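Structural characterization, general
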Amino acid sequence: MLVLLPPSETKAIGGRGAPLDLDALSFPELNPVRDKLVSALADLAADVPASLKALDISERQVDEVHRNAALRTSQTSPALLRYTGVLYDNLDFPSLRKVEKERAYQRLAVASALFGVLRGGDPVPAYRLSGGSVLPSHGSLRAVWKPSLEPVLREADEFVVDLRSGAYSSLARVPHAVVVRVVTAEGKVVSHFNKAHKGLLARAITTTSVEPGDLKGLVKLAKKAGLTIIPTGEGTADLITG
C-alpha cells in the first residue's frame, strides 16, 4: 500500500546523510522536475527579499532562505525524520521498532512541493517551499507538477490512501485512491485534531504486519488500533475523532 501524507511547512534541520542525490529518491520519473525546482529555489535564495515574498515568510525566517541556498550541499535525513509537526509527532517514527521503521519506509510517502512525492526513507535536505507557493521563474507549482506527478501516482500499482491536505492534493489527482478526511462524530470537518489523527492512523499502518489491500481492510486495521473509519463512498472515508 501507499499512504500519501501531507508534509510540514517547517523541517527538522541538520542531518547525517550525504548531500542531495536525486537518483537516491523514489519515483525517478520525477527527477527532471525535481532538478529544475531545486535549481530554481537555490537560485532564488540569492535574492533574499524575493525569496521571502515567494515563500510568504517574514524576515525573522530568513534562515529558511539560507537553507534553500544550500539545497545541493547540506546533509540529508530520511523524509520521515525531516518533516515535523503534529502529524509526525503522533506517528513518532523514532520510537518504532526496526521492522516497523522499514515498514514505514515502504508504506508511507510524503507529498512535497519540491520533490513531488517521497517514500518515507528517501534522504532529503531541509528546505522551505509550500504547495501554494509561486516561483517567479516557474509560476504555480500545480502547473509545474501536474503533468508529471499525476501520471506517476495514477500508475501506482498499490492500494493508495490519500491523507494529503488541499494544497498538495491539487498538485496531482489520484483517481483510484481512497481519500480519508478527519471529522467529528457529527460529520463536521475538524482542523485542530486533523493532523493528530492522521499521524495516529499512519502509526497504526506501520505497527501491524497486515497490509490492507482495500478500504475494508483499512477499516479493520484502524479498528484494531482504536480508531474509527467509516466508508462514505467507493473512494472516500471519514476518520472519526473522539
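The structure we're discussing is the one just above.
Because the structure is predicted, anything quoted here is derived from the model rather than measured.

Conventions we followed
Each residue is numbered by its place in its chain's sequence as written, counting from 1. Where local features are concerned, this predicted model is filtered to residues with pLDDT of at least 70; where side-chain atom pairs are given and counted, the filter is 80 or more; whole-chain, interface and lining totals use all residues. Side-chain measures here rest on the full set of heavy atoms in the structure, leaving out hydrogens and waters. Here a strand pair is declared whenever DSSP counts at least two bridges between the two strands. In DSSP terms, a helix is any run of H or I states spanning at least four residues, a strand is any run of E spanning at least two, and both are numbered starting from the N terminus. The set of buried Ala, Val, Leu, Ile, Met, Phe, Trp, Tyr and Cys residues whose side-chain atoms join them within 4.5 Å is what this entry labels a nonpolar core. A 1.4 Å probe rolled over the protein chains alone gives each residue an accessible area, and that area as a share of the maximum for its type sets the label: buried under 20%, exposed over 50%, partly exposed in between. Here, residues are in contact when the closest pair of their heavy atoms is within 4.5 Å. The axes used here are C-alpha line fits, helices contributing only the stretch in contact, and every angle between their N-to-C directions lies in the interval 0 to 180 degrees.

Observations concerning the pairing of strand E9 (residues 178–183)
In this sheet, E9 lies alongside strand E8 (residues 160–162) in parallel orientation, the contact comprising two bridges. Pairing of valine 161 across the sheet is with valine 178, part of E9. Judged from the five bridges that link them, E9 and strand E11 (residues 236–240) form a sheet pairing that is parallel. For valine 179, the partnering residue across the bridge sits in E11 and is threonine 236.

Concerning the nonpolar core
Leu5, Leu80, Leu114, Phe115, Leu129, Leu201 and Leu218 are the most contacted members of the largest nonpolar core, which has 78 residues in total. Once residues lying within four places of it in the same chain are set aside, the contact partners of leucine 218 are Phe159, Val161, Val180, Leu201, Ile205, Pro212 and Ile229.

Some remarks on the sheet that holds E11
Strand order in the open sheet formed by seven strands is E4-E3-E1-E8-E9-E11-E10, and the pairing between neighbours is mixed. Both outer strands of the open sheet, strand E4 (116–119) and strand E10 (228–233), are each paired with one neighbouring strand and no more. For this sheet the average axis-to-axis angle between neighbouring strands, irrespective of direction, equals 30°. Bridge count for E10 against E11 is five bridges, and the pairing is antiparallel. Directly across from isoleucine 229, in E11, lies its bridge partner leucine 239. Where helix H6 (residues 98–107) meets the sheet, its contacts fall on strand E1 (2–5), strand E3 (108–112) and E4, and the angle it forms with E3 comes to roughly 45°. Strands E1, E3 and E4 of the sheet are contacted by helix H7 (residues 141–154), whose axis makes an angle of about 40° with E4.

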